[in-house]
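Structure assessment
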Amino acid sequence: MSRFSARTDFARTPNPLALALERHRASGRPLRDLTESNPTRVGLPTPDAAPLAAAGAFTYEPEPLGLLTARQALVADFAARGAQVATGHLLLTSSTSEVYGWLFKLLCEPGDNVLVPAPCYPLFEHLARLEGVQTRSYPLPRAHGFGLDAEAVGDAVDGRTRAVLVVNPGNPTGHFLHEGELAALAEVCARGRLPLLCDEVFSPFAWDARGARVATVAGRELPMLTFALGGLSKSAGLPGLKLAWTHVGGPAALRDEALARLEWLADAVLPVGTPVQRALPALLAHAPRFQAAVLERVRGNRQRLLAARPPGAPWDVVPAEGGWSAVLRIPRAPGEEATCLALLDAGVAVQPGYFYDFGGGAFLVLSLLPQPEVFAAAVEVLARTLGP
């Protein structure tokens, strides 16, 4: 009998919510899905497809870091956001998930660990495990609006920690990294000689401009090696085109060694298709239109959610600054799963906080992307189910 790696032995037993959702869909009953996060399915703008068929789309040019024209377009895009970067410090991959695997290979030996935030989107543990790497959580305190606490990061470091990962803004918490938080985090990283992996895929979606928020760590003079991750999946709403980017920064000697190793790794894989690289300038030109539509959508839906909460209700909406999600704090009883099942029975799908490793209470997570009429109808059911 063949033997399989323990790294791929993930749990595959459906949880009660997944089974209930399957039954609901099989019944044919209507469903208002507040878990929908696919931007291509909620009526948002898409670009003209013509750039994907531009001249040279079928000419193969194996550039390990990515085509120069594509990286030049990214330099201009960063500049428009106030960050000055160089083409030689950018790496293209097919997704941020792919580059996480590369970065874990670059920075860690099997058995080492990377610090990840909690609560957070449940992805990093799986990606790390596939590389033989472990994750250790550091808490995002609810008292800080789920913002970063550098002391908590430092407390989580052990002898096998090799990097710190932050998500800016948090997913699903929507809290941006602030300047003071980054300065304190830089001290922790420098003290432990720990690189910083900064996931910035939701950075273009800041709908609350208050505070000295950090839009990107790219182009900054920081004392540690930095990797700033972004991609078309979120910035332009094009997850199917499979193109992401990473800016490598930090002290010159460390940065250059990291880039040399990543270039060798990229040359062995060459993962990004030529058509999407050649189309990148046009796709980035489309991104502001998409981002404006998303911001209008999520601001409007968040206002609908806030307006649906009766005064004195036993639930509330957690403050946030950006992203595509809303987090609700609900009573501990009957709790997250029972509440999700009751909402599903009423025709509304939401996610429980435990999917994202929330602690210290009971929470629900809602997508703010659904079309306004769908969202408004779902929120009316939600408010009725959660109680006055």
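First, a word on what this report is: a plain description of the structure on this page.

Conventions adopted
- Residues numbered from 1 in each chain as written.
- Predicted model: local features only at pLDDT ≥ 70, side-chain atom pairs only at ≥ 80, totals over all residues.
- Heavy atoms only, no water.
- Helix = DSSP H or I, 4+ residues; strand = E, 2+ residues; numbered from the N terminus.
- Buried < 20%, exposed > 50% of the residue type's maximum accessible area, 1.4 Å probe, protein only.
- Pairing = 2+ DSSP bridges.
- Axes fitted to C-alpha atoms, helices over the stretch in contact; angles between N-to-C directions.
- Contact = heavy atoms within 4.5 Å.
- Phe/Tyr/Trp six-rings, centres within 6.5 Å; stacked < 30°, edge-to-face > 60°.
- Lys NZ or Arg CZ within 6 Å of the ring centre and 35° of its normal.

1. Here we look at unusual backbone geometry
N168 connects to P169 through a cis peptide bond whose omega is 0°. As for its position among the elements, P169 is in the loop between strand 5 (161–167) and helix 6 (179–192). Across the junction of N171 and P172, the peptide omega takes the value 15°, indicating a cis bond. Structurally, P172 is set in the loop between strand 5 and helix 6. For F146, which is not glycine, the phi dihedral falls at a positive 60°. Examined against the element boundaries, F146 turns out to sit in the loop between strand 4 (134–139) and helix 5 (150–156). The backbone of R193 sits at a positive phi, close to 50°, despite the residue not being glycine. Mapped onto the elements, R193 comes out in the loop between helix 6 and strand 6 (196–199). Its relative accessible area of 77% is what places R193 among the exposed residues.

2. Thoughts on the sheet that holds strand 2 (residues 90–93)
Across the sheet, seven strands lie side by side as 2-8-7-6-5-3-4; this open sheet has mixed pairing. Edge strands, defined here as strands with exactly one partner in the open sheet, are strand 2 and strand 4. Strand-to-strand, the axes of this sheet are offset by a mean angle of 25°, without reference to chain direction. Here helix 3 (residues 96–107) sits on the sheet and contacts strand 2, strand 3 (113–118), strand 5, strand 6, strand 7 (226–231) and strand 8 (244–249); the angle it forms with strand 7, its principal contact strand, is near 165°.

3. Thoughts on the sheet that holds strand 12 (residues 351–352)
Working definition: the strands of a sheet are paired by backbone hydrogen bonds and lie parallel or antiparallel to each other. Taking strand neighbours across the sheet as the criterion, the four strands line up as 9-10-13-12 in an open arrangement whose pairing is antiparallel. The open sheet terminates on both sides in strands that have one partner only, identified here as strand 9 (316–317) and strand 12. Bridging between strand 10 (residues 325–330) and strand 13 (residues 362–367) involves six bridges; their strand directions are antiparallel. Looking at strand 13, one finds that V327 is bridged to V365.

4. Details of the packing of aromatic side chains
For the structure shown, the criterion picks out ten aromatic pairs. Summarising the aromatic geometry, the rings of Y354 and F355 are spaced 5.2 Å apart at their centres and angled 85° between planes, so their arrangement reads as edge-to-face. The partly exposed category is assigned to Y354, whose relative accessible area is 36%. Judged by its relative accessible area of 26%, F355 is partly exposed. Taken together through their ring pairs, the aromatic side chains of F202, F205, F290 and W324 make up a single cluster. One cation-aromatic arrangement involves R81 over F78; the distance from NZ or CZ to the ring centre is 4.6 Å. Over the aromatic face of F10 sits the side chain of R129, whose NZ or CZ is 4.4 Å from the ring centroid.

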